[in-house]
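# Descriptive analysis of the structure
Chain by chain, the residues run as shown.
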Amino acid sequence: MKIATIIVRVLIGLLLLFASISYFLNLAPEPVVTGNFKAFQVGLVASTYLMPLAKSIELLCGIAFVSGRYVTLASLLILPITINILFINFFMSPEGIPVALFLFLGNLFLIYRHWNNYKGIFVAKE
């Protein structure tokens, strides 16, 4: 199980690093989008801080996953982004569902594997 955890962690980290670095350095051409997804993307681009913020978090979490340090924190930070990626692909761009599903389920797997680290969050202080 430890080897599976390392493999999932590194694959997710590399995927996040590739997505964020290619966004900041404009390495990959923008895919042609139409319909509702195009309207959604125009809205994201119009807000000047949302995409750079999300991609910065992806970059930091990708570094954490690849290096194996702060994985517990990185899993929590990237969870809302992976949920958004999953929903966007599910409702607007179905061809990206396999990668989005891998990101989301892989992140849930990492949270499950590090569950003992999260127990302190759920303890009520009196």
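Thresholds, definitions, all that
Residues numbered from 1 in each chain as written. Predicted model: local features only at pLDDT ≥ 70, side-chain atom pairs only at ≥ 80, totals over all residues. Heavy atoms only, no water. Axes fitted to C-alpha atoms, helices over the stretch in contact; angles between N-to-C directions. Helix = DSSP H or I, 4+ residues; strand = E, 2+ residues; numbered from the N terminus. Parallel < 35°, antiparallel > 145°, perpendicular 65-115°, else oblique. Left-handed = near helix turned anticlockwise from the far one by under 90°. Contact = heavy atoms within 4.5 Å. Nonpolar A, V, L, I, M, F, W, Y, C, P; charged D, E, K, R; others polar. Expected span 1.5 Å × (residues − 1). Buried < 20%, exposed > 50% of the residue type's maximum accessible area, 1.4 Å probe, protein only. pLDDT = per-residue confidence, 0-100. Phe/Tyr/Trp six-rings, centres within 6.5 Å; stacked < 30°, edge-to-face > 60°.

Before going further, it helps to spend a moment on the packing of helix α4 (residues 71–91) against helix α5 (residues 97–113). For the pair α4 and α5, the least separation of the axes is 9 Å and the interaxial angle reads 155 degrees. Classified by the angle between their axes, α4 and α5 sit roughly antiparallel to one another. As α4 packs across α5, the resulting crossing turns out to be left-handed. Contact with α4, carried on its side by Ser75, Ile78, Leu79, Thr82, Ile83, Ile85, Leu86, Asn89 and Phe90, involves Ile97, Ala100, Leu101, Leu103, Phe104, Asn107, Leu108, Leu110 and Ile111 of α5 and no other residues of that element. Class assignment of the residues belonging to the contact of α4 with α5 gives a composition of 14 nonpolar, four polar and no charged.

Count 3.6 residues to each turn of an α-helix, and residues three or four apart come out pointing the same way. Helix length check: helix α2 (residues 35–46) (twelve residues) gives 17 Å between terminal C-alpha atoms against 16 Å at 1.5 Å per residue, within 8%. Judged by how many residues are buried, α2 sits mostly at the surface: one of twelve residues are covered.

Moving on to the confidence of the model for the chain. Model confidence for the chain is summarised by a mean pLDDT of 88, while 98% of its residues fall at 70 or above. The secondary-structure element of the chain with the lowest mean pLDDT is α2, recorded at 72, while α5 shows the highest, at 95.

Turning next to the packing of aromatic side chains. Under the defined criterion, the tally for this structure stands at five aromatic pairs. Aromatic side chains Trp115 and Tyr118 sit 6.0 Å apart centroid to centroid with 50 degrees between the ring planes, which places their arrangement in the tilted category. Taken as a pair, Trp115 and Tyr118 lie in helix α6 (residues 115–118) at a separation of three residues, close to a single helical turn. Tyr118 sits in the buried class, given a relative accessible area of 2%. Summarising the aromatic geometry, the rings of Trp115 and Phe122 are spaced 5.7 Å apart at their centres and angled 25 degrees between planes, so their arrangement reads as stacked. Since its relative accessible area comes to 40%, Trp115 is described here as partly exposed. Taking the relative accessible area as the measure of exposure, Phe122 reaches 60% and is therefore exposed. Through a chain of ring-to-ring contacts, the aromatic side chains of Phe87, Phe90 and Phe91 assemble into a single cluster.

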